[in-house]
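Listed below are the residues making up each chain.
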Amino acid sequence: MICSFIGFSQNGISLEQAEKMIAVAKEKAISLDTKMNISIVDAGANLVAFVRMDGAWLGSADISLKKAKTARYFNMNTGIIGSLSQPGGSLYNIEHSNGGLITFPGGVPIKNEAGEVIGAIGVSGSSVENDHAVAEAGASTTN
């Protein structure tokens, strides 16, 4: 998904922009009747913003951050990395690199108007389908 951010920070995403993405992602989670952990990282894969919705699984906090970092490290949706990392795949066992990656859906890179990756969103707390839908909603937020 491509985001149109004008005047983004040197590291890609400002706190204000990250908070807007989280708000949209939370709305999507509520519409799906689920509780999520949502992480936003900047272009350097540094945490910019995080929210754990009331009642969301504690264990999913770490997963949401790792999904965001994974999406940023490789500039692709985590579900795509997952399909490439199956036994016999070109990225088999990649999840053991970089201090642990998450290679199932719920992490989405965020791009500016020029198509440059400026960060990523990671979401965890429900089915991978719901995680991905919430991440896509947040990543589609424009300024």
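Check the entry above for the structure.
Cut-offs used in this document
Residues numbered from 1 in each chain as written. Predicted model: local features only at pLDDT ≥ 70, side-chain atom pairs only at ≥ 80, totals over all residues. Heavy atoms only, no water. Helix = DSSP H or I, 4+ residues; strand = E, 2+ residues; numbered from the N terminus. Rg over C-alpha atoms; globule rule 2.2 N^0.38 Å. Buried < 20%, exposed > 50% of the residue type's maximum accessible area, 1.4 Å probe, protein only. Contact = heavy atoms within 4.5 Å. Areas by Shrake-Rupley, 256 points an atom, 1.4 Å probe, with all protein chains shown as cover. Lys, Arg positive; Asp, Glu negative; His and termini not counted. Charge placed at Lys NZ, Arg CZ, Asp CG, Glu CD. Axes fitted to C-alpha atoms, helices over the stretch in contact; angles between N-to-C directions. Left-handed = near helix turned anticlockwise from the far one by under 90°. Nonpolar A, V, L, I, M, F, W, Y, C, P; charged D, E, K, R; others polar. Salt bridge = Lys/Arg side-chain N within 4 Å of Asp/Glu carboxyl O. Pairing = 2+ DSSP bridges.

> Account for the overall build of the protein chain, naming residues and giving values.
On a plain count of helices and strands, the protein chain comes out with four helices and four strands. Expected size for 143 residues packed as a compact globule is a radius of gyration near 15 Å; at 14 Å, the protein chain falls within 12% of this value. By its C-alpha atoms, the protein chain is 40 × 35 × 20 Å across when sized along the principal axes. Looking at the protein chain residue by residue over its 143 residues, the buried ones come to 43%. Residue pairs at least 24 apart in sequence account for 65% of intrachain contacts in the protein chain once pairs closer than 6 positions are excluded. As displayed, the protein chain has an accessible area near 6,700 Å², and 52% of this comes from carbon and sulfur atoms. Within the protein chain, one finds 10 positive and 13 negative side-chain charges whose respective centroids are separated by 3 Å.

> Summarise unusual backbone geometry; cite the residues concerned and give the values.
Located in the positive-phi region is Asn93, a residue other than glycine, with phi close to 75°. Position of Asn93 among the secondary structure elements: in the loop between α3 (78-84) and β3 (107-111). Of note, Asn98 is a non-glycine position whose phi angle comes to about 55°, a positive value.

> Give me the packing of helix α1 (residues 15-31) against helix α4 (residues 128-139): which residues, what numbers.
The contact between α1 and α4 brings their axes to 7 Å, and the two run at 145°. Of the two elements, α1 crosses α4, and the hand of that crossing is right-handed. Across the interface between the two elements, Met21, Val24, Ala25, Lys28 and Ala29 of α1 pack against Ala133, Val134, Ala137 and Gly138 of α4. Its residues assigned to classes, the contact of α1 with α4 comprises seven nonpolar, one polar and one charged.

> Describe the pattern of salt bridges, with residues and values.
Applying the stated criterion to the full structure yields three salt bridges. A salt bridge links Asp62 to Lys66; its shortest N-O distance comes to 3.3 Å. With a gap of four residues between them, Asp62 and Lys66 both fall in helix α2 (residues 60-74), about one helical turn apart. On the accessibility criterion, Lys66 (24% relative accessible area) is partly exposed.

> So, the pairing of strand β2 (residues 47-52): which residues are in play, and what are the values?
Looking at chain direction, strand β1 (residues 37-42) and β2 are connected through five bridges and run antiparallel. Paired with Ile38 across the two strands is Val51, which belongs to β2. Hairpin geometry of β1 and β2 is characterised by an intervening segment of four residues between the two adjacent antiparallel strands and by a positive phi of about 65° at Ala45.

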